[in-house]
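Listed below, chain by chain, are the residues.
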Amino acid sequence: MMELLSFYNVENLFLPDPPPRHKLDPTNSGLRNWDERKYKNKLFKIANVFQMMKEENEVLPFIIGLSEVSGRKVLEDLVKLPPFNSEYGIVHYNSRDERKVDVALLYNKKKVEVVDSEAITFFFEIENKNTEYYDTTRDVLYSKLKYEEGIIHVFIAHLPSKREKDINKPKRIFILNEIQRRILDIVDGGGNVILCGDFNENPDDENLEKILYDDSHEKVLRNPFRQLFSTGNYSTFHYKSGLLFDQIILSESFFKEDNILSFQRAEIFRPEKISSRDKRFEGRPFRTYSGTRYLGGYSDHFPVFVTLSKV
């Protein structure tokens with residue numbers, strides 16, 4: 001018996017914008033002409049990605065991490081559609097991110113029970129400004145899940161992006177240090193941990209190498225996406241560079257035979273249907289928007305997943 005666990009950055013899943021009063025008014029989504037038809041098409045496409053994943057693997061992921069979702073309503077609309085058919089629950093908190101995009105967890109209600117969850121919020125002081133102002137970023141979502149007789153601790157992150165000479169690098173380090181501290185507490189107690197997300201860093205970046213070890217340099221986590229990246233497999237692109245920012249990292253417990261679930265393989269899900277139609281961008285994700293131009297695709301990232309076998 002197999003289980004899949006997936007993570008997908010769905011690229012700006014926003015509710016439709018109300019019609020602007022003036023043509024040049026900024027929109028809630030920051031997108032151009034984001035209307036009901038485009039929203040419904042996007043929802044259908046995201047659901048269809050998981051339908052394809054199910055057809056290829058004979059099972060739908062029992063846990064799904066998502067990023068770039070705006071609010072709970074878009075998730076409620078998504079789980080009504082096939083293949084979810086309202087059988088999936090939602091864990092979501094509104095973050096204080098300036099663009100109002102959050103991470104979320106979907107789970108199969110027949111297999112998983114949520115024992116506990118919290119949004120881990122980060123505030124960063126803005127330099128050279130009055131100290132009452134803080135720079136906020138996307139929360140990290142923590143969920144404690146009961147699966148059969150075992151407990152799985154899941155962290156979902158969407159770390160600050162690389163832009164403007166990577167001014168966000170210190171923030172990524174700070175957030176990863178906090179996640180690592182929490183993970184070590186759980187692993188020390190023998191717990192199963194999964195950390196997934198869009199890290200805005202590749203698997204061989206120093207920050208993501210460091211998080212795999214405890215203070216005594218003992219390995220506590222494994223990142224199966226390191227191997228995929230080293231063999232030229234990518235989940236997203238920036239200009240000409242292939243990137244593997246989307247990763248699923250697991251505690252060592254998942255690599256033991258007698259665990260409730262044990263790791264089998266890691267994959268980037270990239271069937272032709274969700275890949276670019278443009279010959280120049282062959283092998284890249286078929287995105288919804290390119291800048292302000294609507295392309296009508298799925299997302300600018302491919303989803304990733306791991307296959308776990310059940311004892």
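All figures in this text were calculated on a predicted structure; none of them were measured in a lab.

Cut-off values and rules
- Numbers given to residues run from 1 along each chain, matching the order in which its sequence is written.
- The predicted nature of this model means local features are confined to residues of pLDDT at least 70 and side-chain atom pairs, given and counted, to a pLDDT of 80 or more, with totals for whole chains, interfaces and linings taken over all residues.
- Hydrogens are left out, water is left out, and the side-chain values use all remaining heavy atoms of the structure.
- A run of H or I in DSSP counts as a helix once it spans at least four residues, and a run of E counts as a strand once it spans at least two, with each numbered from the N terminus.
- Categorising residues by exposure relies on relative accessible area from a 1.4 Å probe, with only protein chains included: less than 20% of the type maximum marks a residue as buried, more than 50% marks it as exposed, and the intermediate range marks it as partly exposed.
- In short, DSSP must find at least two bridges between two strands for them to pair.
- Note on definitions: a residue-residue contact is assigned when non-hydrogen atoms from the two residues lie within 4.5 Å.
- Only C-alpha atoms enter the line fits that serve as axes; for helices the fit covers just the stretch in contact. Angles between N-to-C directions range over 0 to 180 degrees.
- Only protein atoms enter the 1 Å grid used here, on which a cavity is any set of points holding a 1.4 Å probe that cannot leave and a pocket is any open set flanked by protein within 12 Å on both sides along at least five of seven lines; residues with an atom within 4 Å of a point are listed as lining.
- Grid points are joined across faces, edges and corners, and a volume is the space filled by probe spheres set on the points.
- Under the grouping applied here, Gly and all other residues not named as nonpolar or charged are polar, the nonpolar ones being Ala, Val, Leu, Ile, Met, Phe, Trp, Tyr, Cys and Pro and the charged ones Asp, Glu, Lys and Arg.
- Here a pair means two rings of Phe, Tyr or Trp (six-membered ring of Trp) with centres within 6.5 Å. Their orientation is stacked below 30 degrees between planes, edge-to-face above 60, and tilted elsewhere.
- What is meant by a nonpolar core is a set of buried Ala, Val, Leu, Ile, Met, Phe, Trp, Tyr and Cys residues, joined one to another through side-chain atoms within 4.5 Å.
- In what follows, roughly perpendicular refers to angles from 65 to 115 degrees, roughly parallel to angles under 35, roughly antiparallel to angles over 145, and oblique to any angle outside these ranges.
- Each helix crossing is assigned a hand: it is left-handed if the near helix lies turned anticlockwise from the far helix by less than a right angle, otherwise right-handed if that turn is clockwise.

Where the residue is not glycine, phi is negative for most of them; where a peptide bond is considered, it is trans in most cases. Along the chain, Pro82 connects to Pro83 via a cis peptide bond; the corresponding omega equals 10°. Tracing the backbone shows Pro83 in the loop between helix H2 (72-80) and strand E3 (88-92). For Glu68, which is not a glycine, the phi torsion comes out positive at approximately 65°. Mapped onto the fold, Glu68 is located in strand E2 (residues 63-69).

Here Tyr213 is to be found in the loop between helix H4 (206-210) and strand E11 (221-222). The partly exposed category is assigned to Tyr213, whose relative accessible area is 30%. Separated by 111 residues in the primary sequence, Tyr213 and Asp102 place their C-alpha atoms 28 Å from one another.

Looking now at the sheet that holds E11. As a general point, the strands of a sheet are linked pairwise by backbone hydrogen bonds and lie either parallel or antiparallel. Overall, mixed pairing links the six strands, which are arranged E5-E8-E9-E10-E14-E11 in an open sheet. Strands with a single pairing partner mark the edges of an open sheet, and in this sheet they are strand E5 (112-120) and E11. Of the strand pairs in this sheet, E5 and strand E8 (residues 140-147) are connected by eight bridges, and their pairing is antiparallel. Within the sheet, the bridge partner assigned to Ser117 lies in E8 and is Ser143. Each of E5, E8, strand E9 (150-158), strand E10 (192-198), E11 and strand E14 (246-251) is contacted by helix H3 (residues 169-188), which is oriented at about 175° to E9, the strand it contacts most.

Turning our eyes to something else, we now look at empty space enclosed by the protein. Summary: where empty space remains is shown by rolling a probe the size of a single water molecule over the atoms. Considering all chains together, one arrives at one cavity of 30 Å³ or more under this definition. Approximately 40 Å³ is the volume attributed to the largest cavity. What lines the largest cavity is simply Tyr93, Ser95, Asp102, Val103, Ala119, Asp139 and Leu141. Of the residues assigned to the lining of the largest cavity, the class counts are four nonpolar, one polar and two charged.

Another point: the environment of Gln51. Tracing the chain through its elements places Gln51 in helix H1 (residues 36-57). On a C-alpha basis, the gap between Gln51 and Arg21 in space is 39 Å, while along the polypeptide they are 30 residues apart.

Counting buried residues in strand E18 (residues 304-310) gives six out of seven residues, a clear majority hidden from the surface. Alignment of strand E1 (residues 2-13) against E18, held across six bridges, turns out to be antiparallel. Bridge assignment links Leu5 to a residue of E18, and that residue is Val306. As paired elements, strand E15 (residues 261-268) and E18 share seven bridges and run antiparallel to each other. Across the sheet, residue Leu261 finds its bridge partner in E18, namely Lys310.

Another point: the packing of aromatic side chains. Two numbers describe a pair of aromatic rings. These are the distance of the centres and the angle of the planes. Across all of its chains, the model carries 13 aromatic pairs by this definition. Aromatic side chains Tyr8 and Phe50 sit 6.0 Å apart centroid to centroid with 70° between the ring planes, which places their arrangement in the edge-to-face category. Pair noted here: Tyr8 is in strand E1 and Phe50 is in helix H1, with a separation of 42 residues, a long-range link. By the burial criterion, Tyr8 is buried, and Phe50 matches it.

Moving on, we get to the layout of surface pockets. Its volume calculated, the second largest pocket comes out at about 230 Å³. Contributing to the lining of the second largest pocket are 13 residues, with Pro20, Lys23, Thr27, Arg32 and Asn33 lying nearest its centre.

Turning to the sheet that holds E3, a few remarks are in order. If you walk across this open sheet you meet the six strands as E3-E4-E2-E1-E18-E15, and the pairing is mixed. Each of the sheet's edge strands pairs with one partner strand only, and the pair in question is E3 and E15. Along the sheet, successive strands turn relative to each other by an average axial angle of 20°, direction set aside. Sheet contacts for H1: E1, E2, E15 and E18; angle to E1, the most-contacted strand, approximately 160°. Packed on one face of the sheet, H2 meets E1, E2, E3 and strand E4 (102-108) and runs near 165° to E3.

Attention shifts here to the nonpolar core. Counting residues in hydrophobic clusters, the biggest one holds 68 residues, and the most contacted among them are Leu66, Phe84, Leu106 and Ile248. Among the elements that line this core, the one with the most residues is H1, at eight residues. The contact partners of Leu106, leaving out residues within four places of it in the chain, are Phe62, Ile63, Ile64, Leu66, Leu75, Leu78, Val79, Phe84, Tyr88, Gly89 and Ile90. Counting 23 residues, the second largest nonpolar core, distinct from the first, contains Phe122, Ile183, Leu195 and Leu208.

Running from N to C, H1 and H2 cross one another at 60°; their axes reach a closest spacing of 9 Å. One way to sum up the angle between H1 and H2 is to call them oblique. Between H1 and H2 lies a crossing whose hand is right-handed. Mapping the contact onto sequence places Tyr39, Leu43, Ile46 and Ala47 in H1 and Lys73, Val74, Asp77 and Leu78 in H2. Tallied by class, residues from the contact of H1 with H2 come to six nonpolar, no polar and two charged.

On their own, these measurements won't tell you what the molecule is for.
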